[in-house]
Amino acid sequence: MEIKWYLFLSIALFCIGMIGALTRRNSIIVFMCIELMLNSVNLLLIAFSKMHMATVNAFGTSMATSAQIFVFFIMIVAAAEVTVGLAIIVMMYRNTHSIDINFLNRLKN
Amino acid sequence: MDAIQFIYLVPLLPLVGFLINGLGRKTLSKSLIGLIGSGVIFLSFCISVLIFIAVSKEGFTTQDIQYFDFINVGKLNIPFEFQVDQLTSLFLLIITGVGFLIHVYSTSYMKEETQSGYGRYFSYLNLFVFSMLLLVLGGNYLIMFMGWEGVGLCSYLLIGFWFKEQENNNAAKKAFVMNRIGDVGFLLGIFWLISSFGTISYHDLYNSSNGIITSISAINSPAIVAITLLLFVGACGKSAQIPLYTWLPDAMAGPTPVSALIHAATMVTAGIYMIARSNILYSLAPTTLDVIAVIGTLTAIVAATIAIKQNDIKKVLAYSTVSQLGYMFLGLGVGAYSAAVFHVMTHAFFKALLFLGAGSVIHAMGGEQDITKMGGLGKKMRVTYITFFIACIAISGIPPFSGFFSKDEILSAAYASNPLLYYIGLGGALLTAFYMFRLLALTFAGKFRGTEDQLHHVHESNATITIPLVILAVLAAVGGLVGIPEVFVKNGNKLNDFLSPVFAHSAQIIASQEVPHQTEIILMIVSVILIITTSVWAWKKYKEYQPGTGEESVFGKAIKNKFYVDEVYDRIIVKPLNALSRLLDNVIDKKGIDGIVNGVGRGVNYGSRQLRLLQSGQVGSYILLMVIGMLLLFIIQLFTK
Amino acid sequence: MGITQILFWFLTILALVAAIGVISSKNPIYSVLWLIVVFFAISGHYILMNAQFLAIVNIIVYAGAIMVLFLFVIMLMNLNAEAEPVKNVYMKMAGIISGLTLMIVLVAALSHSDVQNTIIRPGTSIGLIKNLGKALFNQYVVPFEISSVLFLSAMIGAIMLGKKDPVKKISL
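Relative orientation of the contacting elements helix 3 (residues 63-96) of chain A and helix 3 (residues 52-77) of chain C amounts to 5 degrees, with a least axis distance of 11 Å. In terms of orientation, helix 3 of chain A lies roughly parallel with respect to helix 3 of chain C. Contacts between helix 3 of chain A and helix 3 of chain C involve Gln68, Val71, Phe72, Met75, Ala78, Ala79, Val82, Leu86, Ile89, Val90 and Tyr93 of chain A from the first element and Phe53, Leu54, Val57, Asn58, Val61, Tyr62, Ile66, Leu69, Phe70, Val73 and Met77 of chain C from the second. Residues that form the contact of helix 3 of chain A with helix 3 of chain C fall into these classes: 20 nonpolar, two polar and no charged.

What follows deals with unusual backbone geometry. Unlike most non-glycine residues, Ala240 of chain B shows phi in positive territory, near 55 degrees. Within the fold, Ala240 of chain B resides in the loop between helix 9 (222-238) and helix 10 (247-250). Residue Ala240 of chain B is classed as buried on the basis of its relative accessible area, which comes to 0%. Backbone geometry places Asn50 of chain C, a non-glycine residue, at a positive phi of 60 degrees. Within the secondary structure, Asn50 of chain C sits in the loop between helix 2 (28-48) and helix 3.

The subject of this paragraph is a nonpolar patch on the surface. A grouping of Val568, Ile572, Ile573, Val574, Leu577, Leu580, Leu583, Leu584, Val587, Ile588, Ile593 and Val597 of chain B is seen on the molecular surface, where their side chains present a nonpolar patch of about 1,000 Å² in accessible area. Relative to the helices and strands, Leu580 of chain B is located in helix 25 (residues 565-612).

Our focus in this paragraph is the interface of chain A and chain C. Every contact between the two is made by 70 residues of chain A and, on the other side, 83 residues of chain C. A buried area of about 7,200 Å², summed over both sides, lies between chain A and chain C, and 79% of it is on carbon and sulfur atoms. Sorting the residues of chain A by area buried against chain C places Met1, Met32 and Lys50 of chain A first, and these three jointly supply 10% of that buried surface. Summed over the shared surface of chain A and chain C, the result is zero salt bridges. Where chain A meets chain C, there are six residue pairs in polar contact (both at pLDDT 80 or more). Contributing elements (two or more residues each) for the side of chain A that touches chain C: helix 1 (3-23), helix 2 (27-51) and helix 3 of chain A. Looking at the side of chain A that touches chain C, the element that brings in the most residues is helix 3 of chain A, giving 25 residues.

Opposite the eleven residues of chain B that make contact, chain C presents ten residues. For the pair chain B and chain C, the two sides together bury roughly 810 Å², of which 94% comes from carbon and sulfur. A per-residue breakdown of the area chain B buries against chain C is headed by Leu624, Leu631 and Phe639 of chain B, which together make up 51% of the total. There are zero salt bridges connecting chain B and chain C.

Turning our attention to the nonpolar core. The biggest cluster of nonpolar side chains holds 201 residues, and the ones touching the most others in it are Ile51, Leu87, Leu135, Tyr141, Phe186, Trp247 and Ile262 of chain B. Setting aside anything within four residues of it in sequence, one finds Trp247 of chain B in contact with Lys174, Ala175, Met178, Asn179, Gly237, Lys238, Ala240, Ile262, Met267 and Val268 of chain B. One finds Met1, Leu13 and Ala47 of chain A together with Leu136 of chain C within the second-largest nonpolar core, a separate group that totals 68 residues.

Now for the pairing of strand 1 (residues 63-73) of chain B. Residue and element names in this part refer to chain B. Note: strand 1 against strand 2 (residues 76-84), nine bridges, orientation antiparallel. By the bridge assignment, Asp69 is partnered in strand 2 with Pro79. The hairpin formed by strand 1 and strand 2 contains two residues between the paired strands, and Gly74 there has a positive phi angle of roughly 55 degrees.

So, on to the confidence of the model for chain B. Averaged over every residue, the pLDDT of chain B is 82; residues scoring 70 or more account for 94%. In the predicted complex, the global pTM is 0.63; the interface-specific ipTM is 0.88.

Moving on to helix 4 (residues 89-110) of chain C. Across its 22 residues, helix 4 of chain C extends 32 Å between first and last C-alpha, which sits within 8% of the 32 Å expected from 1.5 Å per residue. Among all positions of helix 4 of chain C, only Gly95, Ser98, Gly99, Leu102, Val105 and Leu106 of chain C are buried. Buried residues of helix 4 of chain C fall within an arc of 125 degrees about the axis and therefore sit on the same side. Away from the buried face of helix 4 of chain C by more than 90 degrees, exposed residues Val89, Tyr90, Ile97 and Ile104 of chain C are located. Tucked into the core, helix 4 of chain C has its buried residues touching helix 1 of chain A together with helix 26 (619-639) of chain B.

Thresholds, definitions, all that
Residues numbered from 1 in each chain as written. Chains lettered and ligands numbered in written order. Predicted model: local features only at pLDDT ≥ 70, side-chain atom pairs only at ≥ 80, totals over all residues. Heavy atoms only, no water. Axes fitted to C-alpha atoms, helices over the stretch in contact; angles between N-to-C directions. Helix = DSSP H or I, 4+ residues; strand = E, 2+ residues; numbered from the N terminus. Parallel < 35°, antiparallel > 145°, perpendicular 65-115°, else oblique. Contact = heavy atoms within 4.5 Å. Nonpolar A, V, L, I, M, F, W, Y, C, P; charged D, E, K, R; others polar. Buried < 20%, exposed > 50% of the residue type's maximum accessible area, 1.4 Å probe, protein only. Patch = residues over 30% accessible without salt bridge, like charges linked within 9 Å, V, L, I, M, F, W, Y side chains within 5 Å. Areas by Shrake-Rupley, 256 points an atom, 1.4 Å probe, with all protein chains shown as cover. Salt bridge = Lys/Arg side-chain N within 4 Å of Asp/Glu carboxyl O. Buried area = accessible area lost by both parts, 1.4 Å probe. Polar contact = N/O pair within 3.5 Å; in protein donor to acceptor, adjacent residues only side chain to side chain. Core = buried A, V, L, I, M, F, W, Y, C linked by side-chain atoms within 4.5 Å. Pairing = 2+ DSSP bridges. pLDDT = per-residue confidence, 0-100. Expected span 1.5 Å × (residues − 1). Arc of directions from axis to C-beta.

Structure representation (C-alpha cells):
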C-alpha cells in the first residue's frame, strides 16, 4: 500500500470530525468528534512509523518503536482528558440542565 | 596630575547638593540646606583650586578624560568626556569661587523664604552651578550643549522663582524663549560641524598636532563661516547680545543673588567661553569675527546709553552687564581672546559685587528698587557703600582697579584692529562711568528720599552678606593685577601667558597688530582722564538730586524706554506670531488636527463596536473562526511559494 | 489485489461510513455506537500495519473504557434525539464548507509531495508487546511513571468536578 492512502484516510477522518465539531451543538457529540480527530492523527502516526521502520534512533531501537510508544502516550493522555471532559459536561448539565455548547457563552461578559 | 583624576567631582558635588536639597526641601532645616548648598560648592572650589595648581605647573598638556560612550551611531562616536586645560581651569575657579560667595550670601538673603522655598532655591542654585560646570568641563560640543541647556533651564526656574506673580513668569518665559532662539543656532552649528568634520570633540578638532581644524589653512571657507555664525547666534542668545539681549534686563525678576549668579559667574559668560573655546575655528573665519566685533561694539554702546536713564537699581546693573558683555565680544571679535577672558574674570568680580551690594541695599530698603527713592544710604551702610564704590571704580575703568586693565587690553586691541571700534568703545566706557556714578550718587549720597518707615528700617546687613562683599571687593580691586600691560611691567601680563597655550594656534593665524607703546600710553592716559572727569561730573550732578518735574527731551524719553526695543519686538514679532497662532489654533488645530484626532477616536470606537459582535462568546463560532484562520495559514504556507 | 489491499479498502470504507454516521445521527447513543465501529476499523488498520499491541490497546481503552464512559454519561442524562438543540443553518453550512475546504487544501498540498508513493509493507515484529514493553520500561520508563501521576490528577480532578458544591452545602 502506498502511504498516500493512509494520509488521505486520516485527512478525511480528521475533516469529518471537524465538520461534526462545527455543526453539532450537543456537547457530547462535539467531544466524540474531537476523539475521532485524535484517532485519525494516531492512525497517521502509525503509518509514518511504518514508513520509517528502517531508521534507528540514538538508543539503538527502531524509530517505529518510538512512534508506537508515542501513540501509546497519546492514548493515555486522551483517556485522562476524556475523564475530565466528561466530568465537566456532567457538571454543566447539572447547573444548566442542558448540554448545548452555546450555553457556554459566559466568556462574552 | 592627581587633582585632575578627581575632576568629575567638581560637577558631581553640586549635582549631589541639588538632589539632597531638592528631595529634602521639606524635611531638612534651613541652616542644613544652606550648609549643604554652600558646602558642596566650596568643596568644588577646593578641587578647582587643586586643578588650577596642577594645570599651571610647568609642562602641563591638555588632558582629555573619557568616561563612557554617550552616542555611538555608525561612524559618529560621541563619548562623555571632559577636557581640562588652562581656559577650563580658569573658568572653574570663577564659577565655583564667585558661585560659593553668592551661595553664602544667599543663605542670609533668602532667610525670609518658606522652608520648602528655601530648599527649592538652593537646589536650583546648585543645579545652575552644576550645569555651568558641565558646560565648561565638557570635552565636546554635545556635553557643552547639555550644560548650555541646563543653564537655560535653571535660569528659567530661578527668574521665575517667585512664580506667584505673573510678571515674573513672563520674564522667565522671555528668557527661555530668547535662549531657545539662540540654542537653535548653536544646535545647527553643532550639526554642521558633525556633517563637515564627523566629530565634535575638541580633542579631535583642535588638537595642536593633528586636529582637524588645526590643520586647515584655508581662511574664510563658506562652511566654517556658516558654522561660526550659527554658533555665534547661540552665543548671542546666551550672552545677551543685540538682537537677543532683551531677556537679560527682564531677568531681574528673580532674587538678587540669582541675578548676580547669572550675570557674573554663570550663564552669560557661556557665550564668551564657547567662542574662546572655538577660537581656532573663529580665527579661520575673519568675516565672522568682524560681525562679532561690530555687534559687540553696538551692544556695548546701546546698552550703556539705555542704562543712563534707568531708575531701577537692578535694571541699571543689568544693562551694564549687557554693555560689558559687548566689550567682551568686541575683544573676541578683534582676536584678543585672552583679553576677553580676562574681562570675564574681572567682570565676574565687580559685577557680582555690584549685584550683591544692590541686594544688600534692596534688603535694607525693604524691597524698594527705585533709586530715585533712595539716597544718603552711605552713612547707614558703610560696608556696602565702600564695596559698592570700589566696584564702581573697577567697572568704570579707573586704575589700578581690575576693570581698567581688562578693558584697556580690549580697547587697545580694538584700536589695533580698527580705530573706529576704539572710539565707540571709549564712548561706551565714558557712558559706563557716567551711569555707574549716577547710580552710586543717587543711592548713597545726598538726602534720603524714601518714606519715614524705610528710613528707620535701613541698617547694615549682617556678616553673611557683608563678608562676601568684602572678599569680592578685594578681588575687584586687585584682580586686575594678573594682567598688567606690557608697557608698564615686562612680562606683567601673567594671565596672557597662562592662557597662551589655548590661543597659540589662533595667534599664528591672526597676525597680531601691535600698537606702538607710546600710542598705547597716550590712549590710556586720555581715556583715564576722560573717565575720571565723567565720573566726577556724574557724581556732582546727581549728588544733590531731587525728584524734579523737568521735561524729558525726545531722545531722553527714547532712552528711558529702552529705545522701544521691547515694543518693536512686540509689534513686529510677538503680535503677528500671536495672530498667526490664534489662526492656527482656531482653524487648523481645532478643525483640522482635532478633527483628525477625534475622527480616529470615533472611527476606532465604531469599529470596535462592530467587532464586538464577533465576540459572541459561543464556542462554535470561535472554532469556526479558528478553522478559517488555520485554513488561510495553510493556503498561504502551501500555495504561495 | 491481494488480501491486504482488499482488507485495507474494506476497513477504510467502513471507517469513513461510520465516521459520517457519528456526526449525522440524531441520537447520541447511535453516535457512540458508530464511533465504536470507527475505532474497530482503525484497530484493523493498526493490525494491517503490524501494530498489534496498539490495536488491542485501542480496542480496550477507546472502544471499551472511553466509549462505555460516554454511554454511561449519555444514559445518566437521559438524552435522546429530541434533546438535540437546533443549530443555525448558516452556521451548519459554514462548518461543512470550511471543513471540506480544509480537506481539499490538505489533499491538494500532499498530492504533489514525493513521499506519498512510499510503499508500506507488512511484516516485522516491532509492534509486538515484547518489543514495545522493552522500550517502554527502559527508555521511556520516566514518562510512563509520569503518566500515572497524570491519571491520578485526572481522577482527582474528575472527582472534584463531580462533587456537589461544598459552599452551597455549608450555606444550606
